[in-house]
Amino acid sequence: MTLAQRDQNIIWHPYTQMKTADLPVAIVRGEGALLFAEDGKEYIDAVASWWVNLHGHAHPYIAEKVAAQLQTLEHVIFAGFTHQPAVELAEGLLKILPEGQRKVFYSDNGSTAVEVALKMAIQYWANTGIPKKKIIAFRDSYHGDTFGAMAVSSRSAFTAPFWSYLFDVTFIDVPTPGNEQETINQLEAIALTGDVAAFIYEPLVLGTAGMVMYTPEVLDNLMQICQQHEILTIADEVMTGFGRTGKLFASHYLQHKPDMVCLSKGLTGGTMALGVTTCNDKIYDAFLADDKSKTLFHGHSYTANPVACAAGVASLELTTSPETQQNLERIAAKHKAFAATLKQLSGIQEIRQQGTILAIEFADESTSYFSNLRDTLYNYAMEQGVILRPLGNIIYIIPPYCITDEQLDKVYQTIKGMQQLLVNC
Ligand SMILES: *Cc1c(COP(=O)(O)O)cnc(C)c1O
């Protein structure tokens, strides 16, 4: 039996209808932007393995640091204890995060980073003795798959069975170009109730919504309203962090600074699961008390796992290197040039770009018809040796920063091939 067949007998995969799923592709090795399959085929990882990989697969520098850490200290309880990788990573992050972030809370992944931020926000008001309850989020947002994270995410088909178990959230529209004022008005109206505890948002790019983008100017407007009405702000930079949008963090495009930031995905360069929630002094100080009930009672068995933190320290060194900066600029420039060649082609509705993220929305007369085509497009790309996962009628590239120009050109060719497929069908 092949690995894929052994898998199919016993493993339940994420976001996968197991009844109709094809055999999974068994990957035996990775190097740079390439993944090598059991059957000898190779693939360009144009989606950075679900948006986590920054510097390429099996990166030798990260591997070296992880191996050394494994032989020194693999794990230790993080309540009452600490270790060098956790301290180093926290120091490194606070140096580059948006101004005002002062404290680092570790957890396991993006969803838990969001849970922690929500708990910090809600308990901040409880500790302060001010009864603010409402949470605001963007209607099409995605903040993770645990219950709190689902609650602040879009009420989509993915979460429908759980709706009655999710706490109430007030949704405002995503302020895409042309809709800015509408969203500002919505936030202002809700803010005036005086009952809003926090606003959580994906800054500049809503990933799972289909790489939906909006401007820093309108987000600055929204954050200003939040500040005026003492609404805590939570920047979910789980996807946008670590250079994805062209700057180290999407929040760096803004004048206003968030109270809390959620990080994961690229945090370890895509090597290991790790989440971080950071906050400013205002949040942190509200938990300081002789009264133990004001403590943030949250933690995970593997909080601040030393091996994951070591991967984080190594990845951070690579992320802040001049070479990565050059790569970010190179990819953004290439995306831009490719987008220009697409504009004249038929069947393309919209092209969006923010830094290394390029999204192409195909014209889509009938969405249900298209979703059948989703598998066709996915399979077509796989045949070409390129991993691209359409979100509905949207195809996007979010590559490892080490992807070569030649590899990028092949990804672009594959997207042009998809466009041809669509026009001809
Ligand atoms: C992926 C993602 C999450 C959830 O992270 P997981 O590690 O998958 O739990 C949260 N927020 C955003 C913006 C994401 O893209």
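Reading guide: rules and limits
Residues numbered from 1 in each chain as written. Predicted model: local features only at pLDDT ≥ 70, side-chain atom pairs only at ≥ 80, totals over all residues. Heavy atoms only, no water. Pairing = 2+ DSSP bridges. Helix = DSSP H or I, 4+ residues; strand = E, 2+ residues; numbered from the N terminus. Axes fitted to C-alpha atoms, helices over the stretch in contact; angles between N-to-C directions. Contact = heavy atoms within 4.5 Å. UniProt positions renumbered as here; feature names shortened; annotations may be inferred. Salt bridge = Lys/Arg side-chain N within 4 Å of Asp/Glu carboxyl O. Buried < 20%, exposed > 50% of the residue type's maximum accessible area, 1.4 Å probe, protein only. Patch = residues over 30% accessible without salt bridge, like charges linked within 9 Å, V, L, I, M, F, W, Y side chains within 5 Å. Areas by Shrake-Rupley, 256 points an atom, 1.4 Å probe, with all protein chains shown as cover.

(A) Representation of the sheet that holds strand β7 (residues 196-201) within the structure. The strand order across the open sheet built from 7 strands is β4-β12-β11-β10-β7-β5-β6, with neighbouring strands paired in mixed fashion. Each edge of the sheet is formed by a strand with only one pairing partner; in this case those strands are β4 (103-107) and β6 (170-172). If you compare each strand with its neighbour and ignore which way they point, the axes differ by 20 degrees on average. Two strands pair when backbone bridges link them, and strand β5 (residues 134-138) and β7 are joined in this way by 4 bridges, in the parallel orientation. What sits directly across from A137, in β7, is I200. Lying over the sheet, helix α8 (residues 216-228) contacts β5, β7 and β10 (232-236), oriented at roughly 165 degrees with respect to β7.

(B) How the structure looks around the UniProt feature "binding site: substrate" (unreviewed entry) in the protein. Look at the UniProt record and you will see "binding site: substrate" (unreviewed entry) annotated at W50, Y142, K265, G299 and R389. These annotated residues cover 340 residues of sequence, and their C-alpha atoms sit far apart, with the largest distance between any two at 33.5 Å. Assignment of secondary structure puts K265 in the loop between β11 (260-263) and β12 (275-279). In contact with K265, not counting residues within four places along its chain, are W50, W51, V52, V238, M239 and G270. Here G299 shows up in the loop between α9 (281-285) and α10 (306-319).

(C) Local environment of the pattern of salt bridges. Tallying each qualifying case throughout the model produces 8 salt bridges. E31 serves as the salt-bridge partner of R29, at 3.1 Å between the closest nitrogen and oxygen. Classification of R29 by relative accessible area gives partly exposed; the value is 43%. One salt bridge connects E350 with R352, and the closest N-O pair in it is separated by 2.7 Å. Note on R352: relative accessible area 10%, which makes it buried. Three or more residues joined by partner-sharing salt bridges are found here, namely E350, R352 and E361.

(D) Representation of a nonpolar patch on the surface within the structure. Taken together, the side chains of Y15, W50 and F158 define a hydrophobic patch exposed on the protein surface, amounting to about 370 Å² of accessible area. Within the fold, Y15 resides in the loop between α1 (3-10) and β1 (27-31). We classify Y15 as partly exposed; its relative accessible area is 44%.

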